[in-house]
Amino acid sequence: MNTRMIQSFALLGSLLLAGCAPSMMEGGAVKDGAKGGTPSRLDVAQPAPDVAANGLVLTSPEIADGSTIPVEQTCTGDAVSPALAWSGAPEGTVSYVLTAFDPDAPTGSGFWHWVNYNIPASATGFDKGAGSKGGTLPEGTVTANNSGGSAGYAGPCPPIGAAAHRYQFTLYALSKTLDIPAGASPEFIGFNLNGATLAKTSFTGTYGRDK
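Heads up: these notes are all about the structure in this document. All of these numbers come straight from a predicted model, not from anything done at the bench.

Brief notes about the sheet that holds strand 1 (residues 57–59)
What links the strands of a sheet is backbone hydrogen bonding, and the strands pair in either a parallel or an antiparallel sense.
Then step 1. Taking strand neighbours across the sheet as the criterion, the 3 strands line up as 1-2-5 in an open arrangement whose pairing is antiparallel. A single partner strand is all that each edge strand has here, and the edge strands are strand 1 and strand 5 (125–126).
Then step 2. The sheet contact formed by strand 1 and strand 2 (residues 84–87) spans 3 bridges and is antiparallel. The partner of Val 57 across the bridge, within strand 2, is Ser 87.

Focus on the pairing of strand 2
Then step 1. Judged by which residues are buried, strand 2 turns out to be one-sided: Leu 84 and Trp 86 face inward and are buried, whereas Ala 85 and Ser 87, on the alternate face, are not.
Then step 2. When strand 2 meets strand 5, the two strands line up antiparallel, connected through 2 bridges. What sits directly across from Ala 85, in strand 5, is Gly 125.

Overview of the packing of aromatic side chains
Then step 1. Applying the stated criterion across every chain yields a total of 6 aromatic pairs.
Then step 2. On the numbers, 4.3 Å between centres and 40° between planes, the contact of Phe 101 with Trp 112 is tilted. On the criterion of sequence distance, the pair formed by Phe 101 in strand 3 (residues 95–102) and Trp 112 in strand 4 (residues 111–120) is long-range, its members being 11 residues apart.
Then step 3. You can call Phe 101 buried: its relative accessible area is 4%.
Then step 4. The exposure class assigned to Trp 112 is buried, which follows from its relative accessible area of 2%.

Let's talk about the side chain of Ser 81
Then step 1. Relative to the elements of secondary structure, Ser 81 occurs in the loop between strand 1 and strand 2.
Then step 2. A polar atom in the side chain of Ser 81 sits 3.2 Å from the backbone nitrogen of Ala 130.
Then step 3. Of note is the side chain of Ser 81, whose polar atom sits 2.9 Å from the backbone nitrogen of Gly 131.
Then step 4. Those residues within four positions of Ser 81 in sequence are excluded, and the remaining contacts are Gln 73, Trp 114, Lys 128, Gly 129, Ala 130, Gly 131, Ser 132 and Tyr 153.

With respect to the nonpolar core
Across soluble globular proteins, nonpolar side chains show a tendency to be buried alongside one another.
Then step 1. Within the largest apolar cluster, 23 residues are counted, with the highest numbers of intra-cluster contacts made by Leu 58, Leu 84, Trp 86, Leu 98, Trp 114, Phe 126 and Phe 169.
Then step 2. Of all the secondary structure elements, the ones that give two or more residues to this core are strand 2, strand 3, strand 4, strand 7 (165–174) and strand 8 (197–207).
Then step 3. A total of 4 residues in this core trace back to one element, the largest contributor, which is strand 7.
Then step 4. Counting 14 residues, the second largest nonpolar core, distinct from the first, contains Val 115, Tyr 117, Tyr 172 and Ile 189.

Looking at the sheet that holds strand 7
Then step 1. In space, the 5 strands of this open sheet follow the order 6-4-3-7-8, with antiparallel pairing throughout. The two strands at the open ends of the sheet, each matched to only one other strand, are strand 6 (142–143) and strand 8.
Then step 2. Two elements, strand 3 and strand 7, share 7 bridges in a ladder whose sense is antiparallel. Directly across from Ser 95, in strand 7, lies its bridge partner Leu 174.

What to know about the environment of Thr 124
Then step 1. Relative to the helices and strands, Thr 124 is located in the loop between strand 4 and strand 5.
Then step 2. Since its relative accessible area comes to 54%, Thr 124 is described here as exposed.
Then step 3. Linking Thr 124 and Gly 88, residues 36 residues apart in sequence, is a C-alpha distance of 9.6 Å.
Then step 4. What Thr 124 contacts, discounting residues up to four positions off in sequence, is Leu 84, Ala 85 and Trp 86.

Quick notes on the rules
- Residues numbered from 1 in each chain as written.
- Predicted model: local features only at pLDDT ≥ 70, side-chain atom pairs only at ≥ 80, totals over all residues.
- Heavy atoms only, no water.
- Pairing = 2+ DSSP bridges.
- Helix = DSSP H or I, 4+ residues; strand = E, 2+ residues; numbered from the N terminus.
- Buried < 20%, exposed > 50% of the residue type's maximum accessible area, 1.4 Å probe, protein only.
- Phe/Tyr/Trp six-rings, centres within 6.5 Å; stacked < 30°, edge-to-face > 60°.
- Polar contact = N/O pair within 3.5 Å; in protein donor to acceptor, adjacent residues only side chain to side chain.
- Contact = heavy atoms within 4.5 Å.
- Core = buried A, V, L, I, M, F, W, Y, C linked by side-chain atoms within 4.5 Å.

Dropping the structure here:
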């Protein structure tokens, strides 16, 4: 093969690569999802992983980050939802989503204990017991069904004798309210956070049962 032929093949290869590059970009995650690709549990449950807290802070007087959740907040006690407070929402926040999730539940996909969306931007927290029967949430807040099939807070209730589970309380600041069909699953709501989340923050409590 002479030098001229080698140069011709090299030029042809460069042109083909240049022509393929846009198509490869169009075939990324967004387009694949539109074609019905099945995202992983984390993709469904959480917005883009590069979304930072951006000043958003979530705390609870009952549950410090990394601490054991008090019995009162669990199924061993009265399953009273914890008080929550938040601040530091980024500019442009229109609503919040608040979830409580157990990634260690033996279901293969975790267990959603609490899912609230369209919390107004004016809200700065939930009172203790707000997610329990008879409790009151900020006006406009919608509570979805938890993984147990009922609306409201389901207290941590890991299998007896199992290692302590983690319970992640997460707050999302959104650039819009969510138009979600009635009865939508927590996973569907989580999927709709993608592209609308300005910031998120969380803390984790643990709980295990001996009896």
